[in-house]
Structures are given as C-alpha cells and as structure tokens.
Amino acid sequence: MQSINTKVAIVGGGPSGLLLGQLLAKQGIDNIIIERVSSDYVLGRIRAGILEQGSVDLLHEAGVNERMDKEGHVHEGFDIAYYGKRYRIDINKLTNGKTVMCYGQTEVTRDLMEARAAKGLTTYYQSSDVELHELKTDQPYVTFKHNDEVYKLNCDYIAGCDGFHGVSRKSIPADQRTEFERVYPFGWLGVLSDTPPVSDELIYAKTKRGFALASMRSATRSRYYLQVPLSDKVENWSDEAFWQELKMRLPADAAEKLVTGPSIEKSIAPLRSFVCEPMQYGRLFLVGDAAHIVPPTGAKGLNLAASDVSTLFRLLLKVYNEDDQDAVSRYSEIALRRVWQTERFSWWMSNMLHEFKDDPVNIQDAKIFERFMKSELDFYLNHEEGQKVIAMQYVGLPYEEVL
Ligand code: FAS
Ligand code: PHB
C-alpha cells in the first residue's frame, strides 16, 4: 500500500469536488481528488443549465469564469405557462437587478477540470474500492485502488463530494444520520439537440398532458424536458414522438417556432427531494448531491452544491488561516438552513407545475390537489408580491455569512 498525504481529501470529481479543490488550491491548501470514473465520463453527463448569481460569483473567485463570461447568457427573466395563460417572471425587476446565468454544468465542469490540470493538482480518476477511515479521529484517511495500486491517503479532513450514490454518506453510521425523502411519481425525459432555442429565455409549461421545459445551452443548442411516468423508458421515445409531444405542451406561439432535429442526448431522470442530516460526521463533510437532492424544477441542484462548497471552503479557511480548529463544527448547521429553504422551493415549484393525476400527493384525491395547485399559480402569478417570492428564490437566496 502506497501512503500519500494531503490536507483535504476530496472524494468525487464532479462540480462540487472540483470547485472546492480549486478554491482551496488558490489559498494554498493542498488537496487531492479521488474520482470513480474517467474525466470524459464526468463530462458526458448532461445536467444543469442555470447558475445563480452566488454560483457565478464563486466561479469568479475560483478564477474559472473567463469562458462563462464570454459564452454564458445572462437571463433577466423566465416564463411560466399554464392552461393557456403565460406570465413572464421579470426576475431582474423583481429582485432589483439580479439575474441568472445560462451556462451548462458540463462547461462549468470542463472549465474546472482544465484549471485543475493547469495548476498541476492531483486527481486520481478511475479509482475503485474507495473507503473512508478513522472519521472520528484527527487522523482520518481514505484508501482506494488506482491502476492496480492500493493507496492510503492521509489527510486532515475529507470532503464527501461523491453524489447521491457515493460512498461518503453511507460512511456515516445509519444510527448517526436521518434521511428525509420524497420520490415523485414521474421523471423528466430530457433531450439535447443542436437546434436554435424556441425562446430567448426558459419556458416552464404546465399542461393537462404534463409538464414541459424549454431551456438551452447556447444560441444553437437547445435542452428540452417532458414529464413522463416513472415507468417510462427512453426507448419508448423516438425523436419524432418527443418533438410531437413537446409541441403539444409548449404555448402555441412557441410550438410554431420550434425547430426540431436529431437528439444528441436523450435520457430520463427520476425526481426526488432528499436530505441527509447532519451533513458532517467527525472529519467528514458531505457536499452537494452527497447530502441532498432536489427536483430540477427550481434549477437548484448544482447551485445548492455551490453554496455548500462556499460554506465549507470559508470554514476551512478559518481552520488553516486563523487556527480556528472548531470552525468546521458549524458546517452542517449553516449549510442545512439554505438546503431546506431550497428544498422547499424546488418541492413547491414541482407541485405547482407537474400533473399528479396518477398520484394523490398528500391529499385524498389528485383532483382536489390539482385545483389547489392551479389556484396557487393563479394567486402567485397574478400578484407582484407573489411573483417576487418566486423571483427571489429563483435567483438564489443569499449565502449565509460565515463569521
Ligand atoms: P455529482 O453527482 O455531479 O458528482 C459526484 C461525483 O462523484 C461523480 O463524478 C461520481 O462519479 C463520483 N463518485 C461517485 N461515487 C464515488 C466513489 N465511491 N468514489 C469516488 N468518486 C465517486 N441540477 C440542476 O440544477 N438542474 C438540472 O437540470 C439538473 N439535472 C439533473 C439531471 C440528472 C440526471 C441528475 C442525476 C442530476 C441533475 N441535476 C440538475 C443535479 C446535478 O446537477 C447535481 O446537483 C450536481 O451534479 C451536483 O454536483 P456534485 O455534488 O458534484 O455531484
Ligand atoms: C436545464 O437547462 O437543464 C435546466 C434549466 C432549468 C431547470 C432545469 C434544467 O429548472
């Protein structure tokens, strides 16, 4: 077994792990990333598309903003369409100047990978048998296999950035963690296509046939989603069938403008709300999807990961720069406040915008739930105060200051 050392061991080389690694390295805090798959595989995952201002600011702080500033699109609003009505949520006006950035997670990840490589920082891709040890001591370590060699990575702290299916959360003894979960009775069928977007901004559409979302990655690349039953399979959906259904769910004027073309990616993602409490155990800190999952209806998954990274990074700075060894004991408490606010918003948007005809949520009958949600939309969208509630959460609640 080869013994190696670092200050912060990062398990998982997705956006959480890469962003944390970049921020720490910029402050001279040594870190090593252990990633299960190859960098190409990580880049092949088509995920988020919208960045909150807080995430954009953090990418600037990490020094990986150049391409985003050039190629990203600033959005000042988005549309919600339902049952023949259509409202533009003017987030810029409603939040006194805030906006969101349309720039794909794949590109964020690519920028972070390139910056990490340029700094000569160590990432062990295609690692296996990752195990966390001695979490409750001041000498935790990670063992893993890489290129048939077994390693022991000694460190001060372990950041569990290994997503929902990773090893980190499961390394917290079951009787030391509480998990909260809601699995939605439907999924999102997503298509990526090299076709011009149907609109300059996003359109969230609620119809009797189900939810649809029109998003984008650039002026020539579109991202569309359809709500489909959990039992549905990607192979049930030809490109033609997808475009036909999308046209029936988008507002008529948008459907008329829809440019169709071959899908370059097509997949179905399940939707769930999930939180693990606490988000830390001894010297292990859970970050991003390792700790929580949100339904993508609020465009929050990647952004919530970014706010976890910001919180943990600032607390680690206090440990290493101010010798405040106890600072990290507040990570979970601080992170969870924003996590639950964001989980609620994502759950609320999902309830309002999807069809639950197959699943009476917590209401005796889906029919009355559908009426409740229609009146929820009527109320919030027809009052400026209501639109303001949506806008202030869509741009992202402020990060809690780490004092
Ligand atoms: P990730 O899951 O991205 O990264 C974890 C990394 O850890 C992976 O690279 C994995 O290979 C690695 N890993 C796992 N187990 C390991 C182990 N044992 N050892 C080492 N490494 C290990 N969010 C949005 O905001 N909008 C969206 O539209 C959206 N769509 C999504 C669609 C899908 C199908 C999924 C699954 C998620 C989607 N999300 C979306 C959420 C998503 O963007 C996440 O929030 C984001 O990827 C979180 O980043 P990480 O926390 O780094 O986790
Ligand atoms: C996306 O572009 O992938 C996207 C945008 C907004 C969402 C979900 C997904 O709410």
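Everything numeric in this text was worked out from a predicted model, so none of it was measured.

Rules behind the numbers
Residues numbered from 1 in each chain as written. Chains lettered and ligands numbered in written order. Predicted model: local features only at pLDDT ≥ 70, side-chain atom pairs only at ≥ 80, totals over all residues. Heavy atoms only, no water. Near = heavy atom within 4 Å. Polar contact = N/O pair within 3.5 Å; in protein donor to acceptor, adjacent residues only side chain to side chain. Areas by Shrake-Rupley, 256 points an atom, 1.4 Å probe, with all protein chains shown as cover. Helix = DSSP H or I, 4+ residues; strand = E, 2+ residues; numbered from the N terminus. Nonpolar A, V, L, I, M, F, W, Y, C, P; charged D, E, K, R; others polar. Core = buried A, V, L, I, M, F, W, Y, C linked by side-chain atoms within 4.5 Å. Buried < 20%, exposed > 50% of the residue type's maximum accessible area, 1.4 Å probe, protein only. Contact = heavy atoms within 4.5 Å. Pairing = 2+ DSSP bridges. Salt bridge = Lys/Arg side-chain N within 4 Å of Asp/Glu carboxyl O. UniProt positions renumbered as here; feature names shortened; annotations may be inferred. Phe/Tyr/Trp six-rings, centres within 6.5 Å; stacked < 30°, edge-to-face > 60°. Lys NZ or Arg CZ within 6 Å of the ring centre and 35° of its normal.

**Remarks on the site of ligand 1**
Turning to step 1, where the next piece is worked out: Around ligand 1 sit 29 residues in total, of which S16, E35, R45, Q105 and D289 are the nearest.
Turning to step 2, where the next piece is worked out: At 3.3 Å, a backbone N or O of P15 approaches an oxygen atom of ligand 1.
Turning to step 3, where the next piece is worked out: Residue R47 places a side-chain N or O atom 2.9 Å away from an oxygen atom belonging to ligand 1.
Turning to step 4, where the next piece is worked out: Within the complex, the protein chains bury 86% of what would otherwise be the 1,000 Å² of accessible surface of ligand 1.
Turning to step 5, where the next piece is worked out: Put simply, the parts of the chain that give the shell around ligand 1 at least two residues each are α1 (15–26) and α9 (301–322).
Turning to step 6, where the next piece is worked out: Across the shell around ligand 1, the residue classes break down as 14 nonpolar, eight polar and seven charged.

**Points about the nonpolar core**
Turning to step 1, where the next piece is worked out: Core analysis: the largest hydrophobic core is formed by 75 residues, its most contacted members being L19, L20, L51, V142, F144 and I158.
Turning to step 2, where the next piece is worked out: Ranked by the residues each element gives to this core, the list is headed by α9, at 10 residues.
Turning to step 3, where the next piece is worked out: Discounting chain neighbours no more than four positions away, the residues touching L19 are L58, L59, A62, L112, A306 and V309.
Turning to step 4, where the next piece is worked out: Membership of the second largest hydrophobic core comes to 35 residues, among which are I50, F211, F345 and L377.

**Here we look at the side chain of S193**
Turning to step 1, where the next piece is worked out: Locating S193 in the fold gives a position in strand β14 (residues 178–193).
Turning to step 2, where the next piece is worked out: Using a relative accessible area of 0% as the deciding quantity, one classes S193 as buried.
Turning to step 3, where the next piece is worked out: Within the local environment of S193, its side chain forms a polar contact with the side chain of T195, the two groups lying 2.7 Å apart.
Turning to step 4, where the next piece is worked out: Among residues more than four places away in sequence, those in contact with S193 are T220, R221, S222, Y224, W243, P262 and I264.

**So, the environment of P173**
Turning to step 1, where the next piece is worked out: Its location among the elements puts P173 in the loop between β13 (157–160) and β14.
Turning to step 2, where the next piece is worked out: With 108 residues separating them in the primary sequence, P173 and Y281 have C-alpha atoms 9.0 Å apart.

**Some words on the pairing of β14**
Turning to step 1, where the next piece is worked out: Both β14 and strand β18 (residues 263–277) contribute to a ladder of 13 bridges, which runs antiparallel. Looking at the pairing, E181 lines up with F274 of β18.
Turning to step 2, where the next piece is worked out: Taken together, the eight bridges between β14 and strand β17 (residues 222–229) define a ladder with antiparallel strand orientation. Looking across to β17, one finds that S193 is bridged to S222.

**Notes on the pattern of salt bridges**
For side chains of opposite charge, pairing can occur when their charged atoms come near one another.
Turning to step 1, where the next piece is worked out: The full count for this structure, using the stated rule, is 29 salt bridges.
Turning to step 2, where the next piece is worked out: Here R223 makes a salt bridge to E265, at a shortest N to O gap of 2.9 Å. Pair noted here: R223 is in strand β17 and E265 is in strand β18, with a separation of 42 residues, a long-range link.
Turning to step 3, where the next piece is worked out: Connected through shared salt-bridge partners, R67, E71, E107, R110 and D111 make up one network.

**Observations regarding the site of ligand 2**
Turning to step 1, where the next piece is worked out: Taken together, 14 residues are adjacent to ligand 2, and Y204, S215, R217, Y225 and P296 come closest.
Turning to step 2, where the next piece is worked out: Separating an oxygen atom of ligand 2 from a side-chain N or O atom of Y225 is a distance of 2.6 Å.
Turning to step 3, where the next piece is worked out: The contact in question runs from an oxygen atom of ligand 2 to an N or O atom on the backbone of A299, over 3.2 Å.
Turning to step 4, where the next piece is worked out: For ligand 2, the accessible surface in isolation is 280 Å², of which the surrounding protein chains cover 97%.
Turning to step 5, where the next piece is worked out: Where the shell around ligand 2 is concerned, the elements lending two or more residues are β16 (210–216) and β17.
Turning to step 6, where the next piece is worked out: Its residues assigned to classes, the shell around ligand 2 comprises eight nonpolar, three polar and three charged.

**Some points on the side chain of S332**
Turning to step 1, where the next piece is worked out: Note that S332 resides in helix α10 (residues 331–353).
Turning to step 2, where the next piece is worked out: Overall, the relative accessible area of 6% leaves S332 in the buried class.
Turning to step 3, where the next piece is worked out: Leaving out residues up to four positions away in the same chain, S332 has contacts with P278, M279 and Q280.

**Some details on the UniProt feature "domain: FAD-binding" (unreviewed entry) in the chain**
Turning to step 1, where the next piece is worked out: Listed under "domain: FAD-binding" (unreviewed entry) in the UniProt record, and renumbered for this structure, are residues 6–346.
Turning to step 2, where the next piece is worked out: Between the end C-alpha atoms of residues 6–346 there is a gap of 37 Å, over a span that is 31% helix and 32% strand.

**Focus: the packing of aromatic side chains**
Turning to step 1, where the next piece is worked out: Tallied over the full model, the rule gives 24 aromatic pairs.
Turning to step 2, where the next piece is worked out: Aromatic pair Y157 and Y320: ring centres 6.2 Å apart, planes at 90°, arrangement edge-to-face. Taken as a pair, Y157 in strand β13 and Y320 in helix α9 lie far apart in primary sequence, 163 residues in all.
Turning to step 3, where the next piece is worked out: Overall, the relative accessible area of 3% leaves Y157 in the buried class.
Turning to step 4, where the next piece is worked out: When its relative accessible area of 24% is taken as the criterion, Y320 is described as partly exposed.
Turning to step 5, where the next piece is worked out: Judged by centre distance (5.4 Å) and plane angle (85°), the rings of F379 and Y380 are edge-to-face.
Turning to step 6, where the next piece is worked out: When the ring centre of Y281 is taken as reference, the NZ or CZ atom of K136 above it lies at 4.6 Å.
Turning to step 7, where the next piece is worked out: Its guanidinium or amino end placed over the ring of Y394, K300 lies 5.7 Å from that ring's centre, counting from NZ or CZ.

**Focus: the environment of T207**
Turning to step 1, where the next piece is worked out: On the secondary structure map, T207 appears in strand β15 (residues 203–207).
Turning to step 2, where the next piece is worked out: Along the primary structure T207 and M248 are separated by 41 residues, whereas in three dimensions their C-alpha atoms are 8.8 Å apart.
Turning to step 3, where the next piece is worked out: Setting aside anything within four residues of it in sequence, one finds T207 in contact with Y83, R249 and E355.
Turning to step 4, where the next piece is worked out: Within the structure, T207 has its side chain in polar contact with the backbone nitrogen of R209 (distance 3.0 Å).
Turning to step 5, where the next piece is worked out: A distance of 2.7 Å separates a polar atom in the side chain of T207 from the backbone oxygen of G210.

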